[in-house]
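Okay, here's what each chain looks like letter by letter:
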Amino acid sequence: MIDESRVGAWALPPGVSAEVALSEVRQLRAGDRPTHGGRLFAYVYDPAVPGLDELAAAAHRESAHVNGLDPTAFPSLLAMENALVGAAGRVLGAGPGTTAPDVVGSVTSGGTESLILAVKTARDAHPEIAAPRIVVPSSAHAAFAKAAHYLRVAMDVVPVSPDTLRPDPAAVAAAIRPETVLVACSAPSYAHGVVDPVEEIAAVAADAGVRCHVDACFGGWTLPYLRRLGEPVPAFDFAVPGVTSISVDLHKYAYAPKGVSVLLHRDPARRAPQYFAYADWPGYTMINPVIASTRSGGPIAAAYATLRHLGDDGYLRLAAVTRDAVAGLADAVRGVDGLRLMAEPESTVVCFTATEGGPDLFVLVDELTARGWHTQPQLSYAGLPASVHLTVTAAVAPRVAEFGPALEDAVAVARSTGPVRLPAELASLVGALTPEALTPELVMGLAAGLGLGDGSGTGPLPERMALVNTLLDAAPPSLRERLLVEFVGLLQRPAWGSDG
Ligand SMILES: Cc1ncc(COP(=O)(O)O)c(C=O)c1O
């Protein structure tokens, strides 16, 4: 007998049918950016291969309840993880018959986890260093900063040249100190899609006796195929002697559903400090190579099925399609007066900025959104101008011919509209504000002034983000961080349900 008087205010709503529950998910999903169809140039990786989603979903379902906590209880997962690590090694210049036959690795939940673990492993390989440090180019992914922050490792940032968007290896060498445990570089960088001089950087790291991690999370699965297609891809993988670890995300250009990356080390000894083991409690002895303990087998099985299905021929074909789409988009950018490419594309990113007198990029991004093209604005940073980032996947190829005219039209409108002007009070506020001076009242006022709902976080997001981006662009990085934490915090509030 249920005592209704004890249910109280915390009762959940009664259960609904499976159809209703699923239709709620579908209704919520309808408000999202389109994950398929080649019109979203960030966040998603769509190969547009018929049947692939269904295959991955079926494989995910098979293993969703399998727990990666204990590889001996679920040998299926161990076998699939070993297959994924082996495949990643093969793509990245390791394995039998190569100069890196002893490479080992782990499957993680994503690029960020792979990078955190690369930093942790390097740090823990040197327990004698009390205040460890890492050296990263300024173009390295923000996940290195997250790793440094979580792990209390100091970060020495080497600026990239505004012309090449790459760090100078001599400056990397100069940044290495006795406490440096890791030097990192990207192949390619996310923001601009350029490949760092890995050979030179790995050499200076090796000379100093320091590990060198290549962050190939974004492009590690395409660069080798682009090279096979004849593109001039520089050496960046285990064929480079000083490279000690590499990360590659399967949920990016291996086209697996989200939740899978691989972290590789040149040999088992280098991987050893990655493990966490704990027997000093009354429960099971915990031995984890990665951050999570309980891990769903779903993403791993989905990635396994995706890789098996696409295979070498599939990835080669998709890389060719993507390369052609990149070339087409880059041509479209070159053809529009007022825009210039930040770098000649050398991977699967097209990144452009405005020339002197060109359109306001934040207005342009909104104009493209209004036309159904979802691009990613990048704020100006340390002498680099604001830019627009396009992650290009195979699904974009059939759309390329439509993009050029849309871009031209959007640029024409953005030019005639001109940049958004920050209201005077917002402009003076952001000029004078320091992160420490932000109060909840100021945040609410700013959010309301920017059209972020009524400032309480409960209203709809504005369709046009140029005002928000212009404000953020005017702020230094530390204030950008604080403002976005506050704004996102306003959005992330519990949905209590109708009685709440
Ligand atoms: C070069 C690079 N490294 C790391 C990451 C982080 O990956 P994730 O978002 O899977 O954590 C990304 C994501 O875009 C990336 O492009």
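Up top is the structure these notes are about.
Residues numbered from 1 in each chain as written. Predicted model: local features only at pLDDT ≥ 70, side-chain atom pairs only at ≥ 80, totals over all residues. Heavy atoms only, no water.

**Student:** Let's hear about the packing of helix α4 (residues 111-124) against helix α5 (residues 142-151): which residues, and what values?
**Tutor:** In contact at an axis separation of 9 Å, α4 and α5 are set at 50° when each is read in the N-to-C sense. With respect to each other, α4 and α5 are oriented oblique. When the axes of α4 and α5 are compared, the crossing they make is right-handed. Between α4 and α5, the contacting residues are Thr112, Leu115, Ile116, Val119, Lys120 and Arg123 on the first element and Ala143, Phe144, Lys146, Ala147, Tyr150 and Leu151 on the second. (Axes fitted to C-alpha atoms, helices over the stretch in contact; angles between N-to-C directions. Helix = DSSP H or I, 4+ residues; strand = E, 2+ residues; numbered from the N terminus. Parallel < 35°, antiparallel > 145°, perpendicular 65-115°, else oblique. Left-handed = near helix turned anticlockwise from the far one by under 90°. Contact = heavy atoms within 4.5 Å.)

**Student:** Could you give me a rundown of the pairing of strand β11 (residues 349-354), with the residues and numbers involved?
**Tutor:** Most of β11 is tucked away: five of the six residues are buried. In the sheet, strand β10 (residues 339-341) pairs with β11 via three bridges, with the strands oriented antiparallel. Bridged to leucine 339 within β11 is alanine 354. Where β11 lies against strand β13 (residues 387-391), four bridges are found, and the strand directions are antiparallel. (Buried < 20%, exposed > 50% of the residue type's maximum accessible area, 1.4 Å probe, protein only. Pairing = 2+ DSSP bridges.)

**Student:** Please give an account of the sheet that holds strand β12 (residues 376-378) that cites residues and values.
**Tutor:** By definition, the strands of a sheet pair up through backbone hydrogen bonds, in either a parallel or an antiparallel sense. Ordered by their spatial adjacency, four strands build an open sheet running β10-β11-β13-β12, and the pairing between neighbours is antiparallel. Here the strands that pair on one side only, and so sit at the sheet edges, are β10 and β12. Looking at each pair of strands side by side, their axes are set apart by 30° on average, direction ignored. In this sheet, β13 lies alongside β12 in antiparallel orientation, the contact comprising three bridges. In the strand pairing of β13, glutamine 376 is matched with histidine 389.

**Student:** Lay out the pattern of salt bridges in plain terms, naming residues and giving numbers.
**Tutor:** One pass over the structure, following the stated rule, counts 22 salt bridges. Notably, a salt bridge pairs aspartate 312 with arginine 228, separated by 2.6 Å at the nearest N-O pair. Taken together, the positions of aspartate 312 in helix α10 (residues 298-334) and arginine 228 in helix α8 (residues 223-228) put the pair 84 residues apart, joining distant regions of the chain. Note on aspartate 312: relative accessible area 40%, which makes it partly exposed. (Salt bridge = Lys/Arg side-chain N within 4 Å of Asp/Glu carboxyl O.)

**Student:** Give a description of the side chain of glutamine 274 that names residues and reports values.
**Tutor:** Relative to the elements of secondary structure, glutamine 274 occurs in the loop between α9 (268-271) and β8 (276-278). Within the structure, glutamine 274 has its side chain in polar contact with the side chain of serine 106 (distance 2.9 Å). Excluding residues that lie within four positions of it along the chain, glutamine 274 makes contacts with Ser106, Leu117, Lys120, Thr121, Leu263, His265, Asn288 and Pro289. (Polar contact = N/O pair within 3.5 Å; in protein donor to acceptor, adjacent residues only side chain to side chain.)

**Student:** I'd like to hear about the environment of alanine 432, residue by residue, with values.
**Tutor:** Inspection of the secondary structure puts alanine 432 in helix α13 (residues 424-432). Judged by relative accessible area, which is 63%, alanine 432 ranks as exposed. Separated by 43 residues in the primary sequence, alanine 432 and alanine 475 place their C-alpha atoms 9.5 Å from one another.

**Student:** Requested: an account of the site of the ligand, with residues and values cited.
**Tutor:** The environment of the ligand is formed by Gly110, Gly111, Thr112, Leu115, His141, Tyr190, Asp215, Cys217, Phe218, Asp249, His251 and Lys252. Between the ligand and glycine 111, the relevant distance is 2.9 Å, taken from an oxygen atom to a main-chain nitrogen or oxygen of the residue. With respect to the ligand, the side chain of lysine 252 contributes an N or O atom lying 2.9 Å from an oxygen atom. If the ligand stood free it would expose 390 Å²; the protein chains cover 84% of that surface. Top element by residues in the shell around the ligand is α4. It accounts for three residues. Looking at the shell around the ligand residue by residue, the class counts come to four nonpolar, five polar and three charged. (Near = heavy atom within 4 Å. Areas by Shrake-Rupley, 256 points an atom, 1.4 Å probe, with all protein chains shown as cover. Nonpolar A, V, L, I, M, F, W, Y, C, P; charged D, E, K, R; others polar.)

**Student:** Account for the sheet that holds strand β7 (residues 261-265), with residues named and values stated.
**Tutor:** With mixed pairing, seven strands are arranged side by side in an open sheet as β1-β7-β6-β5-β4-β2-β3. Looking along the sheet, the strands with just one partner apiece sit at the ends: β1 (104-108) and β3 (154-158). The average angle at which neighbouring strand axes cross in this sheet is 20°, direction not considered. Relative to β7, strand β6 (residues 245-249) runs antiparallel, the two sharing five bridges. Each residue of the ladder has a partner; that of isoleucine 246, found in β7, is leucine 264. Contacts from helix α7 (residues 198-207) reach β4 (180-186) and β5 (211-215), with the element oriented near 155° to β5.

**Student:** Now, about the packing of aromatic side chains: what can you tell me, with residues and values included?
**Tutor:** Counted by the stated rule, this structure contains 12 aromatic pairs. Both rings, one in tyrosine 45 and one in phenylalanine 218, keep their centres 6.2 Å apart while their planes meet at 70°; by these two values the pair is edge-to-face. Of this pair, tyrosine 45 sits in the loop between α1 (18-29) and α2 (52-63) while phenylalanine 218 sits in the loop between β5 and α8, and the two are 173 residues apart along the sequence. Taking relative accessible area as the criterion, phenylalanine 218 reaches 4% and is therefore assigned buried. Plain terms: the ring middles of tyrosine 45 and tyrosine 253 are 5.1 Å apart, the flat faces sit at 80° to each other, and that makes the pair edge-to-face. Residue tyrosine 45 is located in the loop between α1 and α2, and its partner tyrosine 253 is located in the loop between β6 and β7; the two are separated by 208 residues in the primary sequence. Taking relative accessible area as the criterion, tyrosine 45 reaches 13% and is therefore assigned buried. (Phe/Tyr/Trp six-rings, centres within 6.5 Å; stacked < 30°, edge-to-face > 60°.)

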